[in-house]
Amino acid sequence: MAPAITLAAEAPKLSAANTGFMLICSALVLIMTPGLAFFYGGMVRVKSTLNMLMMSFISMGIITILWVLYGFSLAFGTDKGSFIGWTSDWVGLSDIGLTQLWPGYTIPVFVFMVFQMMFAIITPALISGALADRVKFTAWSLFITLWATLVYFPVAHWVWGTGGWAFDLGVIDFAGGTAVHINAGAAALGVILVIGKRVGFKKDPMRPHSLPLVMLGSGLLWFGWFGFNAGSWLGNDDGVGALMFVNTQVATAAAMLAWLIYEKIRHGAFTTLGAASGAVAGLVAITPSGGCVSPLGAIAVGAIAGVLCAMAVGLKYRFGYDDSLDVVGVHLVGGVIGSLLIGFFASGKGQSTAEGLFYGGGLTQFWKQCAAVFAVLGYSLVVSAILAFLIDKTMGMRVTEDEEISGIDQAQHAETAYDFSGAGGGTARTAASAPADADAKKVDA
């Protein structure tokens, strides 16, 4: 008697190779948050260094706990109306088997969960760069708690969750152009429109205090971004992750060079800050698009983003919004550029068969990208502004003017980044004691 089922598909089995690869990628994504802290920390004035570092580091604490308690369930649980997810068994990660596989893949649910946790951590940290020098640490902590719950978790479900409306529409976002960068950039704009400008904006010099820290931070971001991007394919079996790895490097290099060339033409110098910012702009732009464009397409995406983001950072002076460290100019603009260029440069030979305009696919994919870009931008901008307004009216969002002028590090953390109290002290004491020493020698003689 023949068996009832003769051609049953073999169920996926846990892959030790893919599991190990994804754990490494998760660690790489985590290192991006301290990298971001150094990147932002070097760009502010000395008196705000520690506060800038802490605004990133606190996200590692708060968002980790939220993700375990309910964030993972909201973002990737069973779809509820194409807007949010929910799986009660995932609350507190209480009912997940050690070898239970993420559906359709060869990695455990725990591995997928922790990889996505790292995305959830860095996204609100990105916002902090726009708010440098002026936000209470308690208010910031409350803001990212509410923002992650009401904005990031739902948007992650829209874009990546099974049943999310953008996912079902066919929007391409390999690793977070919409869910991470546009989301954070729009949130930054919403908050700064509510809380206002720094004291002395457009009047006082607000130059980076440590460009070496900026370069270190950008280097760590570039390094960690390979896990951020290549890991988002959740495995290493078909070459798409390798394509994304290559395109990440190619686009970042192109964007850095393009930014520097623009800067030289516009301002007459190749700056280290421009090199670091250009690299980050390229990383942002290739994040959504790198799995569906060719390496030549990645060069185009990076170069376009490098020039347009360099131009965009000056908009804050024209329109009067105080985006302290250019989160809007780099992350929002770069995310929009990278997401929309998919509609032109998608080759149909990577993660998807969808083809862009330059490959004979018309504008179909472009309009899908537009839907996600402007929905995420509008939602995050409005909700973030409302949250900032409510916090400002209740507990107050900003430090006092005196605290801002004297230094937010001392006011909020009772510390300073650099202790100069002993600098030159030895020399001063030696000089002061020289006459006494000479007299003592005479007496001895």
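(A) Region of interest: the nonpolar core. Counting residues in each nonpolar core, the largest one holds 125 residues, and the members touching the most others are Trp67, Phe72, Leu131 and Phe143. In contact with Phe72, not counting residues within four places along its chain, are Trp67, Gly77, Trp90, Leu93, Ile96, Trp102, Val109, Phe112 and Met113.

(B) How the structure looks around helix 6 (residues 177-195). Across its 19 residues, helix 6 extends 26 Å between first and last C-alpha, which sits within 8% of the 27 Å expected from 1.5 Å per residue. Among the 19 residues that make up helix 6, 17 are buried, leaving the element largely enclosed by the rest of the structure. Gly196, located one to two residues past helix 6, shows a positive phi value of around 90°.

(C) Representation of the pattern of salt bridges within the structure. Evaluation of the coordinates by the stated rule reveals 6 salt bridges. For Asp133, the salt bridge identified is with Arg45, shortest N-O distance 3.0 Å. Of this pair, Asp133 sits in the loop between helix 3 (109-127) and helix 4 (137-160) while Arg45 sits in the loop between helix 1 (16-43) and helix 2 (49-76), and the two are 88 residues apart along the sequence. Judged by its relative accessible area of 3%, Asp133 falls in the buried class. One salt bridge connects Arg198 with Asp133, and the closest N-O pair in it is separated by 3.4 Å. Of this pair, Arg198 sits in the loop between helix 6 and helix 7 (211-230) while Asp133 sits in the loop between helix 3 and helix 4, placing them 65 residues apart in sequence. Exposure class is identical for Arg198 and Asp133. Each is buried.

(D) Structural detail: unusual backbone geometry. In the Ramachandran plot, Ser82 falls in the positive-phi region, its phi being about 65° despite a non-glycine side chain. Within the fold, Ser82 resides in the loop between strand 1 (79-80) and strand 2 (84-85). Ser82 sits in the partly exposed class, given a relative accessible area of 26%. Of note in the backbone geometry, Leu234 takes a positive phi value of approximately 65° without being a glycine. Structurally, Leu234 is set in the loop between helix 7 and helix 8 (240-267). For Leu234, a relative accessible area of 7% gives the class buried.

(E) Representation of the packing of helix 12 (residues 327-340) against helix 14 (residues 364-394) within the structure. Viewed as axis vectors pointing N to C, helix 12 and helix 14 meet at an angle of 160°, and their least axial separation amounts to 9 Å. Accordingly, the angle class assigned to the pair helix 12 and helix 14 is roughly antiparallel. Along this stretch, helix 12 crosses helix 14, giving a crossing that reads as right-handed. On helix 14, the residues touching Leu332, Val336, Ser339 and Leu340 of helix 12 are Phe366, Gln369, Cys370, Val373 and Leu377.

(F) How the structure looks around the side chain of Gln116. Among the secondary structure elements, Gln116 is positioned in helix 3. Given a relative accessible area of 7%, Gln116 falls into the buried group. Non-local contacts of Gln116, meaning those with residues more than four positions away in its chain, are made with Trp67, Phe76, Tyr152 and Trp160.

(G) Spotlight on the environment of Val382. With respect to the helices, strands and loops of the structure, Val382 is situated in helix 14. A relative accessible area of 47% means that Val382 is categorised as partly exposed.

(H) Region of interest: helix 2. With 28 residues, helix 2 ought to run about 40 Å at 1.5 Å a step, yet its terminal C-alpha atoms sit only 36 Å apart, falling short of that. Its maximal kink placed at Trp67, helix 2 deviates by approximately 65°.

(I) Examining a nonpolar patch on the surface more closely. On the surface, Leu357, Phe358, Tyr359, Leu363 and Trp367 cluster together to form a nonpolar patch covering roughly 510 Å² of accessible area. By secondary structure assignment, the location of Tyr359 is in the loop between helix 13 (342-345) and helix 14.

About the cut-offs
- Residues numbered from 1 in each chain as written.
- Predicted model: local features only at pLDDT ≥ 70, side-chain atom pairs only at ≥ 80, totals over all residues.
- Heavy atoms only, no water.
- Core = buried A, V, L, I, M, F, W, Y, C linked by side-chain atoms within 4.5 Å.
- Buried < 20%, exposed > 50% of the residue type's maximum accessible area, 1.4 Å probe, protein only.
- Contact = heavy atoms within 4.5 Å.
- Helix = DSSP H or I, 4+ residues; strand = E, 2+ residues; numbered from the N terminus.
- Expected span 1.5 Å × (residues − 1).
- Salt bridge = Lys/Arg side-chain N within 4 Å of Asp/Glu carboxyl O.
- Axes fitted to C-alpha atoms, helices over the stretch in contact; angles between N-to-C directions.
- Parallel < 35°, antiparallel > 145°, perpendicular 65-115°, else oblique.
- Left-handed = near helix turned anticlockwise from the far one by under 90°.
- Bend = angle between axes of the 7 residues up to and from the residue.
- Patch = residues over 30% accessible without salt bridge, like charges linked within 9 Å, V, L, I, M, F, W, Y side chains within 5 Å.
- Areas by Shrake-Rupley, 256 points an atom, 1.4 Å probe, with all protein chains shown as cover.

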